[in-house]
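Residues per chain, in single letters:
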Number of protein chains: 2
Amino acid sequence: MNTREKLEHLREWMRTNDVAALYVTSADPHQSEAVAAHWKTLQWLSGFTGSACTAALTLTEAAFWTDGRYTTQAGREVDGDAFTIFTTGIPGTPTLCEWLRARLKPGERLSLPGEVLSVAQLESFRAELPGVVITADGNPAAELRESLSERPALPDAPVWPFPGESAVTPRVQKLAAERAELSRIDPQAAALLTGLEEIGWITNLRGDDHPLYPLFHAFALVGPGTATLFADRRKFTDDIVRALAADGWELRARDAVPEALSALPLETVLRIDPFRTPAGFLEAVPAGVRVSRGPEPAARLRAIHSAAEIESFLEANRLEAVAVIRLMRWIEENAGSGELTEYGVGQQLEHFRRQMPGYLHPGNIPIVGYGANAALPHYRPGPEKSDAVRPEGFLLFDVCAQYRSGTTDLTRTVAVGELTDEMKRDYTRVLRAHLTLARQRFPAGTTGNLLDAIVKSTLWREAISFNHGTGHGIGYVSNVHEGPGKISIELAPAFPWAHATPLEPGMVFSDEPGIYRPGRHGIRIENAVAVEEDTETEFGRFLRFRTLTFLPYERKAILVADLTREEIEQVNAYHHEVLERIGPALTEDERRWLWRKTLPIG
Amino acid sequence: MNTREKLEHLREWMRTNDVAALYVTSADPHQSEAVAAHWKTLQWLSGFTGSACTAALTLTEAAFWTDGRYTTQAGREVDGDAFTIFTTGIPGTPTLCEWLRARLKPGERLSLPGEVLSVAQLESFRAELPGVVITADGNPAAELRESLSERPALPDAPVWPFPGESAVTPRVQKLAAERAELSRIDPQAAALLTGLEEIGWITNLRGDDHPLYPLFHAFALVGPGTATLFADRRKFTDDIVRALAADGWELRARDAVPEALSALPLETVLRIDPFRTPAGFLEAVPAGVRVSRGPEPAARLRAIHSAAEIESFLEANRLEAVAVIRLMRWIEENAGSGELTEYGVGQQLEHFRRQMPGYLHPGNIPIVGYGANAALPHYRPGPEKSDAVRPEGFLLFDVCAQYRSGTTDLTRTVAVGELTDEMKRDYTRVLRAHLTLARQRFPAGTTGNLLDAIVKSTLWREAISFNHGTGHGIGYVSNVHEGPGKISIELAPAFPWAHATPLEPGMVFSDEPGIYRPGRHGIRIENAVAVEEDTETEFGRFLRFRTLTFLPYERKAILVADLTREEIEQVNAYHHEVLERIGPALTEDERRWLWRKTLPIG
């Protein structure tokens, strides 16, 4: 069935139900960054294979929105007769609500998919479309897909205990910590957990529902005396179910959330994160139950890692560094061969990683960009679309991995031949920005937007900037991008609490400034860093970052004369630590190579 | 009548009106920083003479809150038997709402003074005291004061045209600009202006209702076809009334606002700033009129000064610099005399200012702190409380003035004798922070909180900070502290839109970092700076600051070895400009003195 036939079916449903407009999305009920095929309703409807898209339709028109990364792809994949295709953020482009406002009369009905739409999104529709009757009790596009037997089932990969043997805060302690935070809201507070990373955290369980992020589909409800996990029983061994029960957790069917909410005692204060809770769930909450909106306490608790967990992160980064050093050496050896391709770099890294103990799987589709390709921050080569690497300029790789001991995310930009002066100047600028965050002491209470500004101020002085945050939170055998904090001036919709989340000891972030010159080159340098206590003075309590990633910078690209004495010492101390920490895990040849790469500068 | 007798009268009113609790404040309906005696209801009730205070009373108890600056003073001035005295922000201290919550039962009545309470404050009371019946239609404490003939009338100083002869954007253009902004909200949008600085701006009128700020008490209502100024007719000459009428302004009685609001056409969209609009006014708005909440467009327009106005600011700063250079020389000559006192410094400055053309009056009560006194950022000497200046250490003065050509605000910390190494190190740190803002280029769209973090990051590196923003907006022959923007991480309640206000060309701010070591010394350096266009590159549009204040830094306190080459050049270029700009207005002796003070460093 083609897109136009599917749209005709949906319009039949609209006419039958007296609905004037329909909103179709590709979100899941957890507002996950990576959505399972089961929820990719709009991709199924439109044929689009990118990730960012929304659509609206009336009985006579349909419109499709994607962002600048996907404009060309949408033009190729989406039927332009069925949909008007828009790129969000371009001046003059209507927003979805503006488009609807121009088409809907007061009293007409708009249907939103309440099972995947967040409470905040529903309210934003209500505020922007006064007079329109808005319902959020169905998901007709998903139902149509289901009825045509074209909707994949939810993933059914088994759930596994995390971390198995090594140290992690026990499940009972986590539940107690969550309840302690809830009791600060109200003695009768309960929380509905919808983020898969919160659920993985609080249950000490992981899954394989997504090829990149080791999480599983579930919801959870934690009250003063109860803890319920809503998930598919078939994913759990009897041992896990027994262990959960012993720690106070009841396992119920994934679709039993509304039933459980409707049975909440009337004195309950239900904490929900309006940005992550499906609007449809709220309809099941009894009228007498007070709803408290705000960040989910578990999200902050999850992001604060214990000292043992930070050690484990370090171990994961050490394993990944060994694989990446082998990759860097291999790139250097093959840069002049004419055989090296961007895609091949990612393949070769995977080969080296498989030799490392505890390696699970990649944490991203590798970003490997040669030359001008690296100026596109999210460029990813594929088997068919991959440039050859020539022996000149920069090659950038931004790669993430899942190890049993932790999640890693790192970027290096390496010289594969001669560099221009502009390339060296830009590399040195990026390095200085990257070093700024790594050594920046800051008062307790500081939020990430301020740190992003401090890092970028070093570039602003030369009228240079970059269009992404300096850093994002990194999960612990979980998502690569994880809130609630973020080191970013711009408030990303996926991290709605970032500007209200002070950095706290135990939080892990990326430190990844960049400079992108379209058509010329792109440079980014990324380490993972953990927040830790620094000092307390008459001016207050100060925190600092501890670096977790140990890999050489590109000595050939550093203009030592542009660095301060402090920066030169910082690079040399870091390189010394790279050799100390990673050297022992390398062969003698590799160690000699690393020794040369980490020689003092200046 | 003493405090306890006044409280008894108020409690009689409460019993008569079935009111269980009363809130008393010292705010005015404009949420002015400087409140006229007419509105200082709580000071009258309690005997307190400081500025920051609130109080609540029930039939049996009364509590009084002030901040840390005034704790000692409140203990001395306020009857501790009548009021429990609290200092806000101290751990364990109840907030006013917490205090009330512990005393009020559901269904009991709390009376708030709706004529001075903002809409946002009323809503915050409602949110924090669910179940309590809240009324905001009276101001019994002010009425009691009135009935006892103890309430001073509103100031009746005449209104004068601004700026008289020199250039300022004409009144008709300002009204058109305000209407253009309103039309972006809605074609039928009207705005209620309550800030005295907005009213001074849009009418091109000034007044003398306050000894420090040349503004007058009024409200204004601007609609698509009407513009009404609500003020006491006796303050206006017939000429001004005619000029206003010619520019489309009707003058009505100050108390006619509710009547005008109640007559608004039903299609009106009324823009109000919830943080500045008296809650009582909203009750007059017809039910059909839609209220749009947000920053008042005039507040942003007011803060963006034209090139001619910036030139005028420069002229005011030039005049003030001449007076201050005379003061600095006088301090140097008298530092060893044993006669110099903190209070005397402010008196002497006033003497020098009166010799300058266009000088109106001071813009603050001078902050002049010697030694450890300067570690209190708001320390002000008086005729009875003023330390002698000995020939050692630092003397700090932070002084503001009103000239016909502009408002000035500057701080210098000068050596009056030998300095310790710690003093020099701290002075150099403050200077570096101050220079950081002055030379910081930043992208259009940057908000002040980010710039404050960039400035403070230079101190954070040494685990040092200071507890105020790097800068505040400076009015134009208006308030010394003016929004909507502010260069401050902390969101100050008086500047509720600061974090949503990008800096724009034409805005004027202070650049005043400091270091305060209680019991030892306090250092602050302050210039006024104007935002201006810088450059546009492939990375976007960038802005920068232009310095408006030209006065020497303290060469004796600068550790040149702690400065970068760039900073040394910045100081030398600035000192060169001080001599160039201010020298010609000085006597030969003074010019020689200034030449010595502005010799190159390093």
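A brief report on the enclosed structure follows. (Residues numbered from 1 in each chain as written. Chains lettered and ligands numbered in written order. Predicted model: local features only at pLDDT ≥ 70, side-chain atom pairs only at ≥ 80, totals over all residues. Heavy atoms only, no water.)

What to know about the interface of chain B and chain A
Keep this limit in mind: Contacts are assigned to residue pairs with any non-hydrogen atoms lying within 4.5 Å of each other. Values labelled buried area give the accessible surface lost by two parts on being combined, using a 1.4 Å probe and summing over both. Salt bridges are defined as contacts in which a side-chain nitrogen from Lys or Arg sits within 4 Å of a carboxyl oxygen from Asp or Glu. Helix numbers and strand numbers start at the N terminus; a helix is a DSSP run of H or I with at least 4 residues, a strand a run of E with at least 2. Classes in brief: Ala, Val, Leu, Ile, Met, Phe, Trp, Tyr, Cys and Pro nonpolar; Asp, Glu, Lys and Arg charged; the others, Gly included, polar.
Opposite the 28 residues of chain B that make contact, chain A presents 29 residues. Summing both partners gives a buried area of about 2400 Å² for chain B against chain A, and 61% of it is carried by carbon and sulfur. Run the count over chain B and chain A and you get four salt bridges. The closest approach of N and O atoms between Arg-517 of chain A and Glu-538 of chain B, which form a salt bridge, is 2.6 Å. For the side of chain B that touches chain A, the elements supplying multiple residues, two or more each, are strand E19 (442-443), helix H16 (448-460), strand E23 (514-517) and strand E25 (527-537) of chain B. Residues of the side of chain B that touches chain A, tallied by class, amount to 14 nonpolar, eight polar and six charged.

Concerning the relation of the copies chain B and chain A
Here is the rule: Least-squares superposition aligns the copies on the C-alpha atoms of those residues with pLDDT at or above 70 in both.
By a simple turn and slide, chain B fits onto chain A: the slide is 0.0 Å along the axis, the RMSD is 0.0 Å, and the turn is 180°. With respect to symmetry, the two chain copies, as superposed, fit the operation of a two-fold axis. Here 100% of the interface residues in chain B have copies in chain A that are interface residues too; the copies meet face to matching face.

Looking at the state of the cysteines
Residue and element names in this part refer to chain A. Threshold: Only a pair of cysteine sulfur atoms within 2.5 Å counts as a disulfide in this structure description. Think of it in three bands: with a 1.4 Å probe and only protein chains considered, a residue is buried below 20% of the maximum accessible area for its type, exposed above 50%, and partly exposed in between.
In total, this model carries zero disulfides over all chains according to the counting rule given. Looking at Cys-53, it has no disulfide partner, and the nearest cysteine sulfur is the one in Cys-97, 16 Å off. With relative accessibility at 7%, the residue Cys-53 sits in the buried group.

Focus on unusual backbone geometry
Here Gly-483 of chain A and Pro-484 of chain A are connected by a cis peptide whose omega angle stands at 5°. Among the structural elements, Pro-484 of chain A can be located in the loop between strand E20 (471-472) and strand E21 (486-487). Of note in the backbone geometry, Asp-18 of chain B takes a positive phi value of approximately 55° without being a glycine. Summarising the element assignment, Asp-18 of chain B is placed in the loop between helix H1 (3-16) and strand E1 (21-25). Notably, Val-477 of chain B is not glycine yet its phi reads approximately 50°, a positive angle.

What to know about the sheet that holds strand E5 (residues 109-113) of chain B
Residue and element names in this part refer to chain B. Where we set the bar: Two strands form a pair only when DSSP identifies at least two bridges running between them. Comment: axis = line fitted to C-alpha atoms, over the contacting stretch for helices; angle = value between 0 and 180 degrees taken between N-to-C directions.
A sheet is described by the order of its strands in space; here six strands give the open sequence E4-E3-E2-E1-E5-E6, paired in mixed fashion. What marks the edges here is a single partner per strand, and that holds for strand E4 (84-87) and strand E6 (133-138). When the angles between neighbouring strand axes are averaged without regard to direction, this sheet yields 20°. Pairing of strand E3 (residues 62-66) with E4, which is carried by four bridges, proceeds in the parallel orientation. In the strand pairing of E4, Ala-63 is matched with Thr-84.

Thoughts on the environment of Ile-240 of chain B
Residue and element names in this part refer to chain B. Within the secondary structure, Ile-240 sits in helix H9 (residues 238-246). Once the C-alpha coordinates of Ile-240 and Pro-484 are considered, the two residues, 244 residues apart in sequence, prove to be 29 Å apart. Excluding residues within four positions of it along the chain, Ile-240 makes contact with Val-159, Trp-160, Pro-161 and Leu-205.

Side note on helix H7 (residues 171-185) of chain B
Helical periodicity: at 3.6 residues per turn, an α-helix aligns residues three or four positions apart in one direction. Residues and elements named next belong to chain B. How we decide: In a helix, the anticipated span is given by 1.5 Å times the number of residues less one. Directions pointing from the helix axis toward each C-beta atom define the arc.
Spanning 15 residues, H7 covers 22 Å between terminal C-alpha atoms, matching the ideal 21 Å at 1.5 Å per step. Taken as a whole, H7 has its buried residues at Arg-171, Lys-174, Leu-175, Glu-178 and Leu-182. Along the axis of H7, the buried residues cluster in a sector spanning 100°; they form a single face.

Quick word on the environment of Val-222 of chain B
If you trace the backbone, Val-222 of chain B turns up in strand E10 (residues 219-222). Once the C-alpha coordinates of Val-222 of chain B and Phe-466 of chain B are considered, the two residues, 244 residues apart in sequence, prove to be 41 Å apart.

Brief notes about the side chain of Glu-554 of chain B
Residue and element names in this part refer to chain B. The criterion, for reference: A positive count includes Lys and Arg, and a negative count includes Asp and Glu. His and the chain ends are not counted in either.
Summarising the element assignment, Glu-554 is placed in the loop between strand E26 (540-547) and helix H17 (565-582). In this structure Glu-554 is buried but unpaired, with Lys-597 as the nearest side chain of opposite charge at 4.7 Å. Ignoring any residue separated from it by four or fewer positions in sequence, one finds Glu-554 in contact with Thr-413, Val-414, Ala-415 and Tyr-427.

Considerations on helix H17 (residues 565-582) of chain A
All names here are of chain A. Between its terminal C-alpha atoms H17 stretches 26 Å, which fits the 26 Å expected from 18 residues at 1.5 Å a residue. Residues of H17 that are buried: Glu-567, Ile-568, Gln-570, Val-571, Asn-572, Tyr-574, His-575, Val-578 and Ile-582. Buried residues in H17 make contact with helix H13 (307-334), strand E18 (406-415), helix H15 (421-439), strand E25 (527-537), strand E26 (540-547) and helix H18 (588-597).

Comments concerning the side chain of Ser-26 of chain B
As for its position among the elements, Ser-26 of chain B is in the loop between E1 and helix H2 (41-46). Beyond its immediate sequence surroundings of up to four residues, Ser-26 of chain B is in contact with Val-35, Trp-39, Lys-40, Leu-42, Gln-43, Ser-51 and Cys-53 of chain B.

Things to note about the sheet that holds strand E22 (residues 508-511) of chain A
All names here are of chain A. Pairing in this open sheet of four strands is antiparallel, and the strands run E19-E26-E25-E22 from one edge to the other. Whereas interior strands pair on both sides, the edge strands pair on one side only; in this sheet they are strand E19 (442-443) and E22. Sheet topology note: the E19/E26 ladder contains two bridges and is antiparallel. Each bridged residue has a counterpart across the sheet, and for Pro-443 the counterpart in E26 is Phe-542. Contacting E22, E25 and E26, H13 runs over the sheet at an angle of about 25° to E26.

Focus on the pattern of salt bridges
Scanning the model with the defined rule gives 102 salt bridges over all chains in all. Among the ionic pairs, Arg-353 of chain A bridges to Glu-350 of chain A, the shortest N-O distance being 3.4 Å. Note that Arg-353 of chain A and Glu-350 of chain A are positioned in helix H14 (residues 342-353) at a spacing of three residues, about one turn of the helix. Accessibility assignment for this pair places Arg-353 of chain A and Glu-350 of chain A in one class, buried. For Glu-181 of chain B, the salt bridge identified is with Arg-184 of chain B, shortest N-O distance 3.8 Å. Of the two residues, Glu-181 of chain B and Arg-184 of chain B are both situated in helix H7; the distance of three residues between them amounts to about one turn of the helix. Overall, the relative accessible area of 22% leaves Glu-181 of chain B in the partly exposed class.

Concerning the environment of Arg-171 of chain B
Residue and element names in this part refer to chain B. Basically, it comes down to this: By the criterion applied in these results, polar contacts are pairs of N or O atoms within 3.5 Å in which, for protein atoms, one can donate a hydrogen and the other can accept it, and in which residues neighboring in sequence qualify only through two side-chain atoms.
Its place among the elements puts Arg-171 in helix H7. Arg-171 gets classed as buried once you look at its relative accessible area, which sits at 11%. Along the backbone, Arg-171 and Leu-282 are 111 residues apart, and their C-alpha atoms lie at a distance of 28 Å. A polar contact of 2.7 Å, which involves the side chain of Arg-171, links it to the backbone oxygen of Thr-203.

Overview of the pairing of strand E5 (residues 109-113) of chain A
Working note: regular strand, side chains alternate between the two faces of the sheet. All names here are of chain A. Stated precisely, the cut-off is as follows: The handedness rule is simple: strands pointing away from the viewer, and a clockwise path from the first strand over the helix to the second, make the crossover right-handed.
Extensive coverage of E5 is indicated by the burial of four of its five residues. Judged from the two bridges that link them, strand E1 (residues 21-25) and E5 form a sheet pairing that is parallel. By the bridge assignment for E5, Leu-22 is matched with Ser-111. Strand direction decides the pairing type here: E5 and strand E6 (residues 133-138), joined by four bridges, are parallel. Counterpart to Pro-113 in the pairing with E6 is Gly-138. A crossover connection joins E5 to the parallel E6 through helix H5 (residues 119-128); in handedness this β-α-β unit is right-handed.

Focus: the packing of aromatic side chains
Residue and element names in this part refer to chain A. We count it as follows: Here a Phe, Tyr or Trp ring, Trp counted by its six-membered ring, pairs with any other such ring whose centre lies within 6.5 Å, and the pair is stacked when the planes are under 30 degrees apart, edge-to-face when over 60, and tilted otherwise.
On inspection of all chains with the given rule, the structure shows 32 aromatic pairs over all chains. On the numbers, 5.7 Å between centres and 85° between planes, the contact of Phe-48 with Tyr-70 is edge-to-face. Taken together, the residues Phe-48 in the loop between helix H2 (41-46) and strand E2 (54-58) and Tyr-70 in the loop between strand E3 (62-66) and helix H3 (71-77) connect sequence positions 22 residues apart. No difference in accessibility class separates Phe-48 from Tyr-70, as the two residues are buried.

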